[in-house]
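Structural features, examined
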Amino acid sequence: MIGQKHRVPVALRLADIQGNILNAYGRLGFPKARAILLHVHKPEVGRKFIESFYPHVTTAVRWPSRRPNAAPPEPNAPERPDVTLNFAFTFAGLLALGVPLRSLAMMPNEFMQGMRARAAILGDNYPDGALGQWDEVWQYENQRSGSGKVHILALLNSDMDPATGNPVPQMERMTDAIRTFCDESKGGIKILTGHGTRPADYQDMSAICYQDPQTGLHKPTPFEHFGFLDGISDPVFEGQFPPSVEKKRKVGNGKLNGQGEWEPLATGEFLLGYPDEAKEMPPAAEPGLFSVNGTFMAYRKLQENVDAFEEYIAATAPVFGQVYGIADPDEAKATLLAKFAGRWTDGVPLVLAPTFADWQAFNAANTDPEKRSALLTQYTYASDPDGAACPASSHTRRVHPRDGLGPLPPAKPGEPGPSGTVLVNRRRILRRGLPYDTTNAQGKRERGIVMLICCASLERQFEFVQQQWLNYGMDNNAGNDTCPMLGARSDRDIKFVIPNRPDGDKPPYICSNLPQFVETKGGAYFFVPSMTSLRMIAMGVIDPT
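Let us look at the structure shown here. None of the values given here were measured: they were computed from a predicted structure. (Residues numbered from 1 in each chain as written. Predicted model: local features only at pLDDT ≥ 70, side-chain atom pairs only at ≥ 80, totals over all residues. Heavy atoms only, no water.)

**A word on the overall build of the protein**
Counting its regular elements, the protein contains 16 helices and 17 strands. Over its C-alpha atoms, taken along the principal directions, the protein stretches across nearly 75 × 60 × 50 Å. Sequence separation of at least 24 residues holds for 70% of the intrachain contacts in the protein that already meet a minimum separation of 6. Carbon and sulfur atoms make up 52% of the accessible area of the protein, which totals about 23100 Å². (Helix = DSSP H or I, 4+ residues; strand = E, 2+ residues; numbered from the N terminus. Contact = heavy atoms within 4.5 Å. Areas by Shrake-Rupley, 256 points an atom, 1.4 Å probe, with all protein chains shown as cover.)

**Thoughts on helix H9 (residues 306-324)**
An ideal rise of 1.5 Å per residue puts 27 Å on 19 residues; H9 measures up with 25 Å between its terminal C-alpha atoms. Along its length, H9 shows its largest kink, about 35°, at Thr-316, and proline Pro-318 lies within four residues downstream of that point. Within H9, burial applies to Val-306, Phe-309, Tyr-312, Ile-313, Thr-316, Ala-317, Phe-320, Gly-321 and Tyr-324. In this fold, the buried residues of H9 make contact with strand S12 (295-304), helix H10 (329-341), strand S14 (445-455), strand S15 (496-498) and strand S16 (509-511). One or two positions beyond H9, positive phi appears at Gly-325, with a value near 80°. (Expected span 1.5 Å × (residues − 1). Bend = angle between axes of the 7 residues up to and from the residue. Buried < 20%, exposed > 50% of the residue type's maximum accessible area, 1.4 Å probe, protein only.)

**With respect to the packing of H9 against H10**
When two helices pack together, you describe them by how their axes are tilted relative to each other and by the distance separating the axes. Here H9 crosses H10 at 110°, and the two axes come no closer than 8 Å. Of the possible angle classes, the one that applies to H9 and H10 is roughly perpendicular. Of the residues in H10, those touching H9 at Phe-309, Tyr-312, Ile-313, Thr-316, Ala-317, Phe-320, Gly-321 and Tyr-324 are Ala-332, Lys-333, Thr-335, Leu-336, Leu-337, Lys-339 and Phe-340. Of the residues contributing to the contact of H9 with H10, the split by class is 10 nonpolar, three polar and two charged. (Axes fitted to C-alpha atoms, helices over the stretch in contact; angles between N-to-C directions. Parallel < 35°, antiparallel > 145°, perpendicular 65-115°, else oblique. Nonpolar A, V, L, I, M, F, W, Y, C, P; charged D, E, K, R; others polar.)

**Examining the pairing of strand S17 (residues 518-528)**
Among the 11 residues of S17, 10 are classified as buried, and the element is accordingly described as predominantly covered. Note: S12 against S17, 10 bridges, orientation antiparallel. Residue pairing in the sheet places Met-297 in a bridge with Phe-526 of S17. (Pairing = 2+ DSSP bridges.)

**With respect to the packing of aromatic side chains**
Overall, the coordinates contain 27 aromatic pairs when judged by the stated rule. On the numbers, 5.8 Å between centres and 70° between planes, the contact of Phe-30 with Trp-63 is edge-to-face. Of this pair, Phe-30 sits in the segment before strand S1 (32-40) while Trp-63 sits in the loop between helix H1 (43-53) and strand S2 (83-89), placing them 33 residues apart in sequence. A relative accessible area of 0% places Phe-30 in the buried class. Take Trp-63: its relative accessible area is 11%, and that puts it in the buried class. Following the ring pairs from residue to residue traces out a cluster consisting of Phe-226, Phe-309, Tyr-312, Phe-340, Phe-496 and Phe-517. Directly above the ring of Trp-134 sits Arg-116, whose terminal nitrogen or CZ lies 5.1 Å from the centroid. One Lys or Arg, Arg-427, reaches over the ring of Phe-464 and ends 3.9 Å from the middle of that ring. (Phe/Tyr/Trp six-rings, centres within 6.5 Å; stacked < 30°, edge-to-face > 60°. Lys NZ or Arg CZ within 6 Å of the ring centre and 35° of its normal.)

**A short note on the environment of Gly-216**
In this fold, Gly-216 is placed in the loop between strand S8 (209-211) and strand S9 (218-220). Residue classification places Gly-216 among the partly exposed residues on the basis of a relative accessible area of 24%. A sequence separation of 76 residues divides Gly-216 from Val-292, and the C-alpha atoms of the two residues are 46 Å apart. In this structure, Gly-216 is in contact with Pro-162 and Gln-211, ignoring residues within four places of it in sequence.

**Digging into unusual backbone geometry**
The residue after Tyr-126, namely Pro-127, is reached through a cis peptide bond having omega -10°. Checked against the element boundaries, Pro-127 lands in the loop between helix H5 (119-122) and strand S3 (152-158). Of note, the amide linkage connecting Glu-286 to Pro-287 takes the cis form, showing an omega dihedral of 0°. For Pro-287, the position within the fold is in the loop between strand S11 (262-263) and helix H8 (288-291). At Asn-20, a residue that is not glycine, the phi angle is positive and equals roughly 80°. A positive phi angle, near 55°, is found at Arg-402, a position not held by glycine. By the element assignment, Arg-402 lies in the loop between helix H13 (395-399) and helix H14 (422-425).

Structure follows, in C-alpha cells:
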C-alpha cells in the first residue's frame with residue numbers, strides 16, 4: 001500500500017528550476033516555439049555564451065496568468081515575459097563546455113550514449129533506413145567528435161500576435177541576439193543548420209491555429225495533426241503546484257494509493273536531488289549541487305504521416321462499421337478513431353463514454369469548460385478489464401495504464417479498489433513540446449510534433465514506455481503488436497485488435513497491415529540544469545569533489 005496520509009509538503013525552489021518543466025509553456029499561453037541547436041568549438045566562448053544569456057533564462061516562478069484556471073502567481077513574481085528562453089545540454093556539450101569528466105562520469109549510461117545510439121531500444125531503426133532519414137542536423141550524434149555534434153539546445157517559446165498568427169517580434173529579436181553572439185565569436189560557437197525540409201537554422205514549432213471568421217483573429221488550438229485533442233493528462237508530483245491546485249489536478253494524474261484515492265507522485269521521479277517512488281535518489285552528476293533541481297529531457301521530432309493515417313482510417317472505417325454493427329459511416333469513422341487513441345477526438349475517454357451516443361450525452365451533460373477538462377482525466381480501467389470500451393492496446397491505455405496492469409490488494413480485505421501498481425508509478429513522464437508544420441520551396445510539406453519528454457531516469461521511464469508499452473504488447477496481452485498510432489512497425493503483420501462486448505453478439509475487429517503512421521526525424525538526450533548549475537557551467541567552477 002502506498003498511502004501517504006501524513007506526508008510532509010514539498011516546497012520547491014521555483015526560482016532555481018528552469019521553466020517548462022513544472023508547467024508546459026503551451027498551457028501558459030506560449031503557442032509558438034523555436035529550437036536552436038549550437039556547437040561549441042571553444043569552451044571559454046561557450047561559457048561566455050551561457051553567461052551572456054543567463055539573465056534572460058526563464059524559471060518556474062509562477063507569473064500572473066491570463067488563464068482562468070492557472071495556478072496563482074508567486075508573491076513578488078516578475079512580469080509575464082513575451083518570450084521565454086531555456087538551455088539544455090547533451091553529454092558531449094557538457095564536455096565541450098569544460099565540465100569535469102569526473103563529474104559527468106556519474107551521469108546515467110543512456111544519457112552518455114545518446115538517443116541515436118539507443119535506436120534499437122527505441123524502435124527508431126524502423127522502417128529500414130530510418131536513421132538515414134533523420135534531419136541533417138541530427139546526423140552526427142554517433143560520431144565521437146566533429147563540428148556537427150549538437151552541444152546546446154536553446155529553446156524559445158513565444159506569445160502570439162493574434163492579428164497575424166505569428167510569434168511576437170521579441171522572438172526574432174532573441175534569435176538575432178543569439179545569431180549575433182555566434183557571428184561575433186569568430187567560430188567559438190556556432191548555430192547548427194539542417195532542420196526538416198528547409199536548410200533552416202532553427203526548428204519552428206506552433207500550436208495548430210484557426211482564424212476566427214468573425215473577428216479575423218488567430219487562436220491556438222490544443223489539437224495535433226491527426227485531429228486529436230492533445231496534452232490532456234500529465235503527471236502531478238509533490239511540490240509541483242500549490243496545495244489548492246494540487247488537490248484538483250492530482251485526481252487522475254497522480255498515483256492511486258490503494259484506497260481508491262489519488263496522491264501526487266514523488267518529486268524525485270521528475271526532478272533530480274529528491275527521493276523517487278522507491279525512496280532512492282536517481283543517478284546524476286557530482287557534486288549533488290550540480291544536479292539538484294535539474295532533469296533529463298528526450299527531444300523527439302516525430303513526423304506524422306497524416307495522409308497515410310487518413311487514408312487508412314477512410315478505407316477501414318466502413319468494414320469496421322459493418323463488423324462492429326455501426327450503420328452510420330460518420331459514427332463508424334469517429335468510433336474507429338476513438339478506438340485507436342483510447343479517447344474520442346475531443347479528448348473524452350472511451351471508458352467514460354464507450355459508444356457514440358454516450359459521447360454525445362457526455363458532452364451535453366458537461367458544458368462547463370473547466371469542469372469538463374477535469375473530468376477528462378478522472379477515470380480508471382477497473383470497469384473495463386476486457387478492453388471492450390477502451391482497447392488495451394490503444395494509445396492512451398498503453399502510455400498510462402493507470403490501474404490496468406493488475407491492481408494492488410485493497411487496503412483492507414473486502415474493501416473495493418481501484419488501486420495502481422508501482423510498475424505504473426515508476427514509468428510516468430512529463431510531456432512538453434508543440435506541433436510543427438513546414439513546407440519547403442518545392443512544396444514538400446511535413447507535419448508532426450516536437451516532443452520534449454522530461455523525467456529523472458531516461459532509461460527507467462521514457463525508454464521503458466517507448467520500448468515496452470509503445471513498441472511491444474506483452475503487458476497488454478497484445479503479443480508483438482505495437483501502438484496503433486505511434487508504434488514502430490518491423491513488418492506488416494502487426495495488427496491492432498479492437499475487442500467487442502464479451503456479452504454481445506458481435507466479434508472483435510482486427511486492424512491489419514498497419515502502415516508506419518509516425519516516424520522519428522531526429523532527437524537527442526539533454527540534461528536540463530538548474531539555474532544554480534547553469535551558473536556553475538557558465539563560470540567553469542564545478543568541483544566533483
